[in-house]
There are 4 protein chains.
Amino acid sequence: MIQVALFGFGRIGQMHGENLYKHPKFKLKYVYDKDYSFARKSETKLKAKAIKHYKIALKDKDIKVIFIASSTATHINFIREAATYKKTIFCEKPLDLDLDKIISCKKYIKKFSPKIQIGFNRRYDPGHYFLKKSIDQKKIGTLQKIIITSRDPAPPPLVYLKTAGGIFKDMIIHDFDLIRFYLKNDPIKEVFATTSDLSEYVTLLKKVNDFELATVVLKSKKGVLCTINNARHCSYGHDQRVEVFGTKGMLISNNKRESEVELSNQQGTNSKKKLLNFFMERYQEAYYLQLHDLADLTIKSKLPRANFDDGHQALVLSIAAAKSLKLKKIIKIN
Amino acid sequence: MIQVALFGFGRIGQMHGENLYKHPKFKLKYVYDKDYSFARKSETKLKAKAIKHYKIALKDKDIKVIFIASSTATHINFIREAATYKKTIFCEKPLDLDLDKIISCKKYIKKFSPKIQIGFNRRYDPGHYFLKKSIDQKKIGTLQKIIITSRDPAPPPLVYLKTAGGIFKDMIIHDFDLIRFYLKNDPIKEVFATTSDLSEYVTLLKKVNDFELATVVLKSKKGVLCTINNARHCSYGHDQRVEVFGTKGMLISNNKRESEVELSNQQGTNSKKKLLNFFMERYQEAYYLQLHDLADLTIKSKLPRANFDDGHQALVLSIAAAKSLKLKKIIKIN
Amino acid sequence: MIQVALFGFGRIGQMHGENLYKHPKFKLKYVYDKDYSFARKSETKLKAKAIKHYKIALKDKDIKVIFIASSTATHINFIREAATYKKTIFCEKPLDLDLDKIISCKKYIKKFSPKIQIGFNRRYDPGHYFLKKSIDQKKIGTLQKIIITSRDPAPPPLVYLKTAGGIFKDMIIHDFDLIRFYLKNDPIKEVFATTSDLSEYVTLLKKVNDFELATVVLKSKKGVLCTINNARHCSYGHDQRVEVFGTKGMLISNNKRESEVELSNQQGTNSKKKLLNFFMERYQEAYYLQLHDLADLTIKSKLPRANFDDGHQALVLSIAAAKSLKLKKIIKIN
Amino acid sequence: MIQVALFGFGRIGQMHGENLYKHPKFKLKYVYDKDYSFARKSETKLKAKAIKHYKIALKDKDIKVIFIASSTATHINFIREAATYKKTIFCEKPLDLDLDKIISCKKYIKKFSPKIQIGFNRRYDPGHYFLKKSIDQKKIGTLQKIIITSRDPAPPPLVYLKTAGGIFKDMIIHDFDLIRFYLKNDPIKEVFATTSDLSEYVTLLKKVNDFELATVVLKSKKGVLCTINNARHCSYGHDQRVEVFGTKGMLISNNKRESEVELSNQQGTNSKKKLLNFFMERYQEAYYLQLHDLADLTIKSKLPRANFDDGHQALVLSIAAAKSLKLKKIIKIN
């Protein structure tokens, strides 16, 4: 079994910890969190050892994987150090909010040729991934349009929003990455973005100069038109749909529900249940499935679906979108 | 244009009258109703001539089609007379409630070899008919099961129920006929029926010795198992579904709605509108489409989807079902 | 019955002619077409009188409605003349391709206060219209997003494309109008458009400087974000969907099919039939339903869903979209 | 953690073993199988101890739960012994194929008042269970009809069929149990069954006097009509649907798929993926969820959804159905 150290034991770290515990190929040895009392929660639950300093994990030769699920601002430093110690690295998205830090990290770690996987969970969602395979197999002919709908049930709390980097870097970065995944070798060359604020959440979002609704249009070098329709709230749950349209067909990756029950009564017919309300439920399977790639990366050096460069390029698009919004025009990507 | 006389101008007669008026191949010349004031309503609306005696229509050589939409008890006599006058005949279902009357009529009209179409509208519903074609084209391999769900929005009024002949002869006769249509040359050999009464409608239905809920199971000579799930009421509209299952696939003819709108909110997602609430809306298209067959029968002597014998055999099954209910066992059909 | 003269008896004129013939409130008296042999086809079929000069209809005092279904370039003149003769006017979309001609016509006809209805059929589609009513009734709370998908089965022939005015004025004008319908008193203030060409149809479309794929983003004064996803071809039929998203819910007006059959077999499950392949089938009901408004406009002076100004404003947006495409930036609407 | 011994480590035993291993409340200590080499497979995989005699587990006081997943013929004896040792018992369905053995066991174990849960997984399927809760909460008014569709992808192999007890005791027993679950305190009073054989599988099934297709109709004391539509094969996967119809509404628990992807192309639209092909995939979640009940039964003596008597009564219905088939009439249940 592959021995892992997990950095960060907040909400998302705990979820990753449980997945690592359940996964047949991993053994969670250490858990580090800047708040040691958090890390200790892993001891009974996941039978891991809480450590007060992360260096312990880096120096332990049995540890093959450093799994970074700590706050965004700490990602780059952990990657630098883990690379130095020749560990396989998993890092949650986004890599960082600052492009320069990413670029300088990239240069620095180059000499270690580290094995790095980025936590873009959409790439591992069975539905979204089925679209990827179908596009590659030309099941819909030539790809022409990608349309993503992504609506969160409600905005995150203010404390989260303050450091999240805004709707483009925090939320839509997933959609930028998914589009890049589908486009493969066909890079984005144009980005256009517009936003709006219409609901009660405006007050909250204005405090951090963020937006409630966004529509982003991208065009690839070959001419694929991509649309992202996002909202920070959604009355019926976590709406996550992807549509890909090609010359020979169209595929939609639809929403998942807790069960496939349909109700018909005086009010209407074939009503399905509310959507799952939380991203960790919606992408539960994806979070688990990405561990298979991490195992393969560690043992067989097999490339994961999302690597360091994917983390880098998704941020480039996030920044371009913010710029388009400001200048009210198309931003070209080199 | 084919000149037609319509007998019966009640609710269903009026609907047929409008369809004949709109249809490019027919000209509605006469309307007869035992209540002359009813018939007169057709004059302004459909530009037909109301007649006080139906013989006028029979004797008019320009009249090619007698269209019988009067009350059930009058069907057989009208058929006998129209046959004598060598008219093409359309007759609403059921032919009659009395098997002997049907058999003796059959013998009598034989010498006139009349062209007769029976108004089994299900056979003309685009969805239900698509299943028929697919079965014949072996799209689902060997047919193995037919499952019909038929639920009326609410029971008819007492005055109608009194002469309707009960759930098997009035309502389920449509389903018996549809099963016979799908089975083609494979006759039904066993019938089993059970009923129940659980709702507030019991009081009404008991007055006429009728039932609220029925389940009928039939088996064909080749071994196709057929199930009919009926109810006299349905909170969400007129539920009309047909499922056919074969060795290589399964087809469902689903419910139609006024529009294809789906609502998602706090209560649920993808909720469609209530089903159409009335059989004349649900089968509106079927009622019109069966006129094409009537035109072809009149002009080209092309056999219609449902003929006199189909009317006869459907009643045989209705009677067998009632008998099975009484004896609590399977009834064999010769 | 309201006496009507139909101008233009090509493909769409013939369809309108049949609807007028079937509609209980109209009597089609005259049909005019610049090609008299075309007009004559109406004589046997629709029992109308073909006329060699349209003035005959204008001068006939019994004629209450002039129904304009001739080629786009003739619309404005017919409107001017019909207004002069105090007729109620129905005119197919688009009013014209030239904004100046529309504006000058508007000024000219003002003194006659003519009753005019424009043929924006989407407004009469039962599904799309249900969304309109639901928005107005605040069923989805505050409207925030409108997302239209519109994909034609295949591009029109070259001869049509030559005079059609391009994808924005010919095809997307329907979507601009529908968005205006939903937004009601909240005008569009920003338009952004991008296009692409990726399939075999490029050769055809380049001949007329037209585009295969388009994405248009609009923002209303209040902040509603609208997206239009169009394509000139679609392998699975005529894809016509509208989604409206609000603070309290979301509604989708989905595609219609010939029947509600679903197939399950080795290849997949619950596969529905191909979409209707032609706009006159897809919007058949809408084309008929808009005649009810025309009758009410004529008799009761009740305002129709789409009037002259709607025809005007939709063209303004079409022109803005073309400009945005050229300048690669947002175009502001005053 | 609750210490468990698992008896039987064949296909289904291994699946239960993995679930017990993953479940936070259980510790799998022993695995027994009559074939010791099978049991040993659990040692590396699940970190359990393979034992050569099951008595070791019974005698170990730390073992609180005996989990019986061995072949049907061994169930009753294991239950007797485990009851004697005061263990909490989980036993896979069916309890036994012989009613007398069940009744005599019931008498014998009575003095130990054992805590027993039966493995009727349908009761734990999130969709099917949602129907149960909704019925109890009167969400559909008075329950009137239960309609179950259950189609296996393909018949089991001959070696399995030989000891399985036939379609009523092996397969439809699940549906009988589910109906009893929904009916709660309203017992079945009438059973009618019919079968058929139409496909290539007839040869295989005839060898064991078994059937390919079955339709069973049941009526409860209150008058609820229940229909079971089963097939031993299904071209599109494992079709598992439940419909419950009441005076105020209708609920359908639909099929689950690996992902919610829909394909539209020349062949059709909105085609979903093939259904899951294996019962252990289809009811994966249910198998896991029933362990929560087992933990509660062990620790809190909270009654599980299915107990010994449920196992008993489901077999009573299976036997009645076989009898009805033979006598071609309704069988009454006391």
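Residues numbered from 1 in each chain as written. Chains lettered and ligands numbered in written order. Predicted model: local features only at pLDDT ≥ 70, side-chain atom pairs only at ≥ 80, totals over all residues. Heavy atoms only, no water.

Asks: Explain the relation of the copies chain D and chain B here, please?
Replies: In summary, the two copies of the chain are related to each other by a rotation about an axis coupled with a shift along it. Superposition record for chain D on chain B: RMSD 0.0 Å, screw rotation 180°, translation along axis 0.0 Å. The superposition of one copy onto the other is thereby described by a two-fold rotation axis. Residues of chain D ranked by C-alpha distance from the rotation axis are headed by Lys329(D), positioned 2.1 Å from it. Comparing contact sets, 100% of the residues at the interface of chain D also lie at the interface in chain B, consistent with an isologous, same-surface contact. (Least-squares fit on C-alpha atoms with pLDDT ≥ 70 in both. Contact = heavy atoms within 4.5 Å.)

Asks: Teacher, can you tell me more about the environment of Phe278(A) here?
Replies: All names here are of chain A. In this fold, Phe278 is placed in the loop between β14 (268-272) and α11 (279-282). Spatially, the C-alpha atom of Phe278 lies 7.2 Å from that of Pro153, the residues being 125 residues apart in sequence. Not counting the four nearest positions on each side in its chain, Phe278 is found in contact with Arg11, Pro153 and His238. (Helix = DSSP H or I, 4+ residues; strand = E, 2+ residues; numbered from the N terminus.)

Asks: For this particular structure, what's the right way to read the relation of the copies chain C and chain B?
Replies: Least-squares fitting of chain C to chain B yields an RMSD of 0.0 Å, with the superposition described by an axial translation of 0.0 Å and a rotation of 180°. A share of 100% of the interface residues of chain C reappears at the interface of chain B, consistent with the copies meeting face to face through the same patch.

Asks: Could you clarify how one ought to interpret the interface of chain C and chain B in this entry?
Replies: Frequently, the measure chosen for interface size is the accessible area that the parts lose on association. Contact with chain C, which involves 27 residues of that partner, is made by 27 residues of chain B. Between chain C and chain B the total buried area reaches about 2,100 Å² when both faces are included, carbon and sulfur atoms providing 56% of it. Per-residue buried area on chain C facing chain B is highest for Glu260(C), Val261(C) and Glu262(C); these three make up 24% of the total on that side. One can count 0 salt bridges joining chain C with chain B. Counting the contacts that link chain C with chain B gives 6 residue pairs in polar contact (both at pLDDT 80 or more). Of all the secondary structure elements, the ones that give two or more residues to the side of chain C that touches chain B are α6 (126-136), β12 (249-253) and β13 (261-265) of chain C. The residue makeup of the side of chain C that touches chain B, split by class, is 10 nonpolar, 8 polar and 9 charged. Both strand β12 (residues 249-253) of chain B and β13(C) contribute to a ladder of 5 bridges, which runs antiparallel. Opposite Ile252(B), over in β13(C), you have Glu262(C) as the bridge partner. (Buried area = accessible area lost by both parts, 1.4 Å probe. Salt bridge = Lys/Arg side-chain N within 4 Å of Asp/Glu carboxyl O. Polar contact = N/O pair within 3.5 Å; in protein donor to acceptor, adjacent residues only side chain to side chain. Nonpolar A, V, L, I, M, F, W, Y, C, P; charged D, E, K, R; others polar. Pairing = 2+ DSSP bridges.)

Asks: Before we go on, may I ask you to explain the interface of chain D and chain B in this structure?
Replies: The interface of chain D with chain B comprises 44 residues on the first partner and 44 residues on the second. Counting the surface lost from both chain D and chain B, the interface buries some 3,400 Å², and carbon and sulfur atoms represent 58% of this. By the criterion of area lost to chain B, the three top residues of chain D are Leu198(D), Phe245(D) and Lys328(D), representing 17% of everything that side buries. Linking chain D with chain B are 6 salt bridges.

Asks: Looking at this structure, how should I read the confidence of the model for chain A?
Replies: Any segment with low pLDDT has predicted coordinates that should not be analysed in fine detail. A residue-level look at chain A finds 100% of positions with pLDDT of 70 or above and a mean pLDDT of 96. Scored as a whole, the predicted complex attains pTM 0.95, and scored at its interfaces, ipTM 0.94. (pLDDT = per-residue confidence, 0-100.)

Asks: For this particular structure, what's the right way to read the packing of aromatic side chains?
Replies: Two measures describe an aromatic ring pair: the distance that separates the ring centres and the angle between the ring planes. Evaluated as defined, the whole model comprises 46 aromatic pairs over all chains. Following the ring pairs from residue to residue traces out a cluster consisting of Phe7(A), Tyr32(A), Tyr54(A) and Phe78(A). The side chain of Arg151(A) reaches across the aromatic face of Phe245(C), ending 4.1 Å from its centre. The ring of Tyr36(C) has Lys52(C) sitting right over it, with the charged end atom 4.9 Å from the ring centre. (Phe/Tyr/Trp six-rings, centres within 6.5 Å; stacked < 30°, edge-to-face > 60°. Lys NZ or Arg CZ within 6 Å of the ring centre and 35° of its normal.)

Asks: Explanation requested: helix α5 (residues 99-109) of chain B in the structure shown.
Replies: Counting along an α-helix, one turn takes 3.6 residues, and residues three or four places apart therefore face a common direction. Residues and elements named next belong to chain B. For α5, the complete set of buried residues consists of Ile102, Cys105 and Ile109. Within α5, the buried residues cover an arc of 65° as seen down the axis, which keeps them to one side. Residues of α5 that are exposed and angled more than 90 degrees away from the buried face: Asp100 and Lys107. On its buried side, α5 packs onto α4 (72-84), β6 (116-119) and α13 (308-327). At the N-terminal end of α5, a side-chain oxygen is found 2.8 Å from the backbone nitrogen of Asp100, two or three residues along, and the residue is Asp98. (Buried < 20%, exposed > 50% of the residue type's maximum accessible area, 1.4 Å probe, protein only. Arc of directions from axis to C-beta.)

Asks: Sorry, what's going on with the pattern of salt bridges here?
Replies: Side chains that differ in charge, positive against negative, can pair when their charged atoms come close. Residues and elements named next belong to chain C. Summed over the entire model, instances satisfying the criterion amount to 100 salt bridges over all chains. With its nearest N and O atoms 3.3 Å apart, the salt bridge here joins Asp239 to Arg151. Placement of Asp239 in strand β11 (residues 239-246) and of Arg151 in strand β7 (residues 143-151) is noted, with a sequence separation of 88 residues between them. Here Asp239 and Arg151 have matching classes, each one buried. Across the pair Lys206 and Asp197 runs a salt bridge whose closest N-O atoms are separated by 3.4 Å. The partly exposed category is assigned to Lys206, whose relative accessible area is 44%.

Asks: I keep staring at the sheet that holds strand β1 (residues 2-7) of chain D and nothing clicks. Help me out?
Replies: Within a sheet, adjacent strands bond to each other through the backbone by hydrogen bonds, running parallel or antiparallel. Residues and elements named next belong to chain D. Taking strand neighbours across the sheet as the criterion, the 6 strands line up as β3-β2-β1-β4-β5-β6 in an open arrangement whose pairing is parallel. Looking at the sheet topology across the chains shown, the edges are occupied by β3 (49-51) and β6 (116-119). Within the sheet, the average angular offset between the axes of one strand and its neighbour, ignoring direction, is 25°. Inspection of the sheet shows strand β2 (residues 26-32) paired to β3 by 3 bridges, in the parallel sense. Across the sheet, residue Tyr32 finds its bridge partner in β3, namely Ile51. (Axes fitted to C-alpha atoms, helices over the stretch in contact; angles between N-to-C directions.)

Asks: Looking at this structure, how should I read helix α2 (residues 36-46) of chain A?
Replies: Residue and element names in this part refer to chain A. Those residues of α2 lying buried are Ala39, Ser42 and Leu46. Summarising the axial view, the buried residues of α2 lie within an arc of 45°, below the 170-degree limit, and thus occupy one face. Buried positions along α2 lie against α1 (11-22), β2 (26-32) and β3 (49-51). Taken from the residues just after α2, Lys47 is the one with a positive phi, measuring 55°.

Asks: Hey, could you run me through the pairing of strand β9 (residues 213-220) of chain D in this one?
Replies: On a regular strand, each side chain points to the face opposite its neighbour's, so the side chains alternate between the two faces of the sheet. Residues and elements named next belong to chain D. Among the 8 residues in β9, 8 count as buried, and that is most of the element. Here β9 shows two buried faces, one formed by Leu213, Thr215, Val217 and Lys219 and the other by Ala214, Val216, Leu218 and Ser220. As paired strands, strand β8 (residues 188-196) and β9 are joined by 8 bridges and run antiparallel to one another. Counted as the bridge partner of Thr195 is Ala214 from β9. Across 7 bridges, the pairing between β9 and strand β10 (residues 225-231) is antiparallel. If you follow Thr215 over to β10, its bridge partner there is Asn229. Hairpin connection from β9 to β10: 4 residues lie between these consecutive antiparallel strands, with Gly223 at a positive phi of about 115°.

Asks: Just checking my understanding: could you explain a positive patch on the surface for this structure?
Replies: Together, Lys27(A), Lys47(A), Lys27(D) and Lys47(D) make up a region of like positive charge exposed at the surface. The residue Lys27(D) is located in strand β2 in this model. Overall, the relative accessible area of 37% leaves Lys27(D) in the partly exposed class. (Patch = residues over 30% accessible without salt bridge, like charges linked within 9 Å, V, L, I, M, F, W, Y side chains within 5 Å. Areas by Shrake-Rupley, 256 points an atom, 1.4 Å probe, with all protein chains shown as cover. Lys, Arg positive; Asp, Glu negative; His and termini not counted. Charge placed at Lys NZ, Arg CZ, Asp CG, Glu CD.)

Asks: Honestly, the packing of α5(B) against α13(B) in this entry has me stumped. Any pointers?
Replies: For any two helices packed against each other, one specifies the crossing angle of their axes together with the interaxial distance. Residue and element names in this part refer to chain B. Where α5 meets α13, the axes come as close as 10 Å, and the angle between the chain directions of the two elements is 160°. In this view, α5 runs roughly antiparallel relative to α13, as classed from their interaxial angle. As α5 packs across α13, the resulting crossing turns out to be left-handed. For the pair formed by α5 and α13, the contact residues are Leu99, Ile102, Ile103, Cys105, Lys106 and Ile109 on the first element and Phe308, Asp309, His312, Leu315, Val316 and Ile319 on the second. Of the residues in the contact of α5 with α13, the class split is 9 nonpolar, 1 polar and 2 charged. (Parallel < 35°, antiparallel > 145°, perpendicular 65-115°, else oblique. Left-handed = near helix turned anticlockwise from the far one by under 90°.)

Asks: Is there a simple way to explain the side chain of Thr298(C) in this structure?
Replies: Mapped onto the secondary structure, Thr298(C) falls in helix α12 (residues 284-300). Excluding residues within four positions of it along the chain, Thr298(C) makes contact with Ile2(C), Lys64(C), Val65(C), Thr88(C) and Lys115(C).

Asks: Sorry if this is basic, but what is going on with the sheet that holds strand β3 (residues 49-51) of chain B here?
Replies: Residue and element names in this part refer to chain B. Read across the sheet, 6 strands follow the order β3-β2-β1-β4-β5-β6 without closing on themselves; strand pairing throughout is parallel. Of all the strands in the sheet, the pair left with one neighbour each is β3 and β6. Across this sheet, the average inter-strand angle for adjacent strands is 25°, counted without regard to direction. Here strand β4 (residues 63-68) runs beside strand β5 (residues 88-92); their pairing, made up of 4 bridges, is parallel. Across the sheet, Phe67 pairs through a bridge with Phe90, a residue of β5. On the sheet, helix α1 (residues 11-22) packs against β1 (2-7), β2 (26-32), β4 and β5 and is oriented at approximately 170° with respect to β1.

Asks: What should I look at first to understand the nonpolar core in this one?
Replies: Proteins that are soluble and globular tend to have nonpolar side chains buried together. Residues and elements named next belong to chain B. Ranked by internal contacts, the top residues of the largest apolar core, which has 45 residues, are Ile146, Leu218 and Val244. Among the elements that take part in this core, helix α9 (residues 173-183) stands out by supplying 6 residues, more than any other. If near-sequence neighbours (up to four positions away) are discounted, Ile146 is found in contact with Ile179, Tyr182, Leu183, Val224, Leu225, Cys226, Thr227, Glu243 and Val244. (Core = buried A, V, L, I, M, F, W, Y, C linked by side-chain atoms within 4.5 Å.)

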